[in-house]
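# Inside the fold
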Amino acid sequence: MRTALFWIFSVMAVGSALGVVGSLRSPMNSALSLVVSMLALAGLYVLLEAQFVGLIQVMVYAGAIVVLFLFVIMLLNLRGSGAVGAESQPIMKAIGAIVAAGATFWLARTLASARAPWPDVDEGFGTTRAIGEALYTDYVLSVQVAGVLLLAGIVAAVVLAKKKID
Amino acid sequence: MGDVSGFHFQIVAALIFAIGALGVLLRRNIIVMFMSIELMLNAANLSLVSFSREIGNDQGQILAFMVMVVAAVEVAVGLAIIISLVRNRDTVNIEDASQMKW
């Protein structure tokens, strides 16, 4: 059952990732592929006993970030010739393919060391309770810094999206 | 979990990362390039969570959570920059925004 779910979610995640990069017609198609990819990744997180991260993945990525992308695409109303930029020259395509293939090979070779059998984990591993307790005790400074970062991000976004840059 | 191990998850992460890198290198549409960056961040997250499962320690999940916070901020600022670019240049093609290119 878990093996079948792993394959379903993996194929969904990789296939829709290809859809993000490969859909040449409109950025809207890419954004919708991105939602599918994020949801499939959330499924993979749950298979890895990381329920909390999976939940946050659905709420923050599929729920908020992609909606933000869709808002911007619709706000800019990109149609006609402006919708898809002229794609790169053949030489750049060749370089891109070689770099990506090399990166995949290198990553796969390094990550293939991860063959150790999984240890048994406690009942509460990866739940909201476990992660929340860790975040608000050992990592409380990180949480505070993340809050400041979010505030700075909001201010920066408001300033940058103003009508004219002074 | 049968025959699926951390290795399989790492391969999926590597594939998604490579697809994201390919998107940044090949596409000239700034919005699609930005989405490809999100794909790469997600691949890194999957790798982190998989290793966290493998050593039975939840620190990797906390780091993945922090990556998501940073990604959310990055999306907000990046999309504001894209809106600003379109308002001032009326284009989403990065070749038209080459003022700082040497």
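Residue indices follow the written sequence of each chain, beginning from 1 at its first position. Chains carry letters and ligands carry numbers; both start at the beginning, A for chains and 1 for ligands, and go up in the order they are written. Local features in this predicted model are restricted to residues whose pLDDT is 70 or higher, and side-chain atom pairs enter the listing and the counts only when it is 80 or higher, whereas totals over whole chains, interfaces and linings include all residues.

Before going further, it helps to examine the nonpolar core. To define a nonpolar core, we join buried Ala, Val, Leu, Ile, Met, Phe, Trp, Tyr and Cys residues through C-beta atoms within 7 Å and take the resulting set. Buried means a residue has 20 or more other C-beta atoms within 10 Å of its own C-beta, exposed means 12 or fewer, and partly exposed covers the counts in between; C-beta atoms are placed from the backbone. A:Leu44, B:Ile16 and B:Met35 are the most contacted members of the largest nonpolar core, which totals 65 residues. Counting residues per element, the ones that place at least two in this core are helix H1 (2–22), helix H2 (27–47), helix H3 (51–76) and helix H4 (90–111) of chain A together with helix H1 (6–26), helix H2 (30–55) and helix H3 (59–89) of chain B. Residue pairs are scored as contacts if the distance between their C-beta atoms, which are placed from the backbone, is within 7 Å. Aside from chain neighbours lying at most four places away, what touches B:Met35 is A:Val20, A:Ser30, A:Ala31, A:Leu34 and A:Phe69. Labels follow the DSSP assignment, with helices taken as runs of H or I lasting at least four residues and strands as runs of E lasting at least two, numbered in each case from the N terminus.

Let us look at unusual backbone geometry. A positive phi angle, near 60°, is found at A:Glu49, a position not held by glycine. Relative to the helices and strands, A:Glu49 is located in the loop between H2 and H3. A positive phi angle, close to 60°, is found at B:Asp90, a residue other than glycine.

Our next topic: the packing of H1(A) against H1(B). To define axes, lines are fitted to C-alpha atoms, for helices over the stretch in contact only, and angles between the resulting N-to-C directions are given on a 0 to 180 degree scale. Relative to each other, H1(A) and H1(B) sit at 10°, their axes nearing to 9 Å. One way to sum up the angle between H1(A) and H1(B) is to call them roughly parallel. In contact with A:Phe6, A:Ser10, A:Ala13, A:Val14, A:Ala17, A:Leu18, A:Val20 and A:Val21 of H1(A), H1(B) contributes B:His8, B:Val12, B:Leu15, B:Ile16, B:Ile19, B:Leu22 and B:Gly23. Ten residues, namely Ala, Val, Leu, Ile, Met, Phe, Trp, Tyr, Cys and Pro, are considered nonpolar, four, namely Asp, Glu, Lys and Arg, are considered charged, and the remaining ones, Gly among them, are considered polar. In terms of residue class, the contact of H1(A) with H1(B) is built from 12 nonpolar, three polar and no charged. Roughly parallel here means an angle under 35 degrees, roughly antiparallel means over 145, roughly perpendicular means 65 to 115, and every remaining angle is called oblique.

Turning our eyes to something else, we now look at the domain arrangement of chain A. Residues and elements named next belong to chain A. Boundaries between domains were set according to an automatic or database domain assignment. Taken as a whole, chain A is organised into domain 1 (1–79) and domain 2 (122–166). Centre-to-centre, using C-alpha coordinates, domain 1 lies 21 Å away from domain 2. Class assignment for the residues of the side of domain 1 that touches domain 2 results in two nonpolar, one polar and one charged.

Moving on, we get to H3(B). If you check H3(B), its first and last C-alpha atoms are 44 Å apart, about what 31 residues at 1.5 Å a residue would give, namely 45 Å. The first or second residue beyond H3(B) is B:Asp90, which carries a positive phi of 60°. The length a helix should cover is 1.5 Å for every residue beyond the first.

Attention shifts here to the interface of chain B and chain A. When the parts of a complex come together, some accessible area is lost, and that lost area is often used as the size of the interface. On the chain A side, the residues contacting the 67 residues of chain B number 75 residues. If you list the elements that add at least two residues to the side of chain B that touches chain A, you get H1, H2 and H3 of chain B. Take the side of chain B that touches chain A: its biggest share by element is 20 residues, from H3(B). Along the lines of polarity and charge, the residues of the side of chain B that touches chain A split into 43 nonpolar, 16 polar and eight charged.

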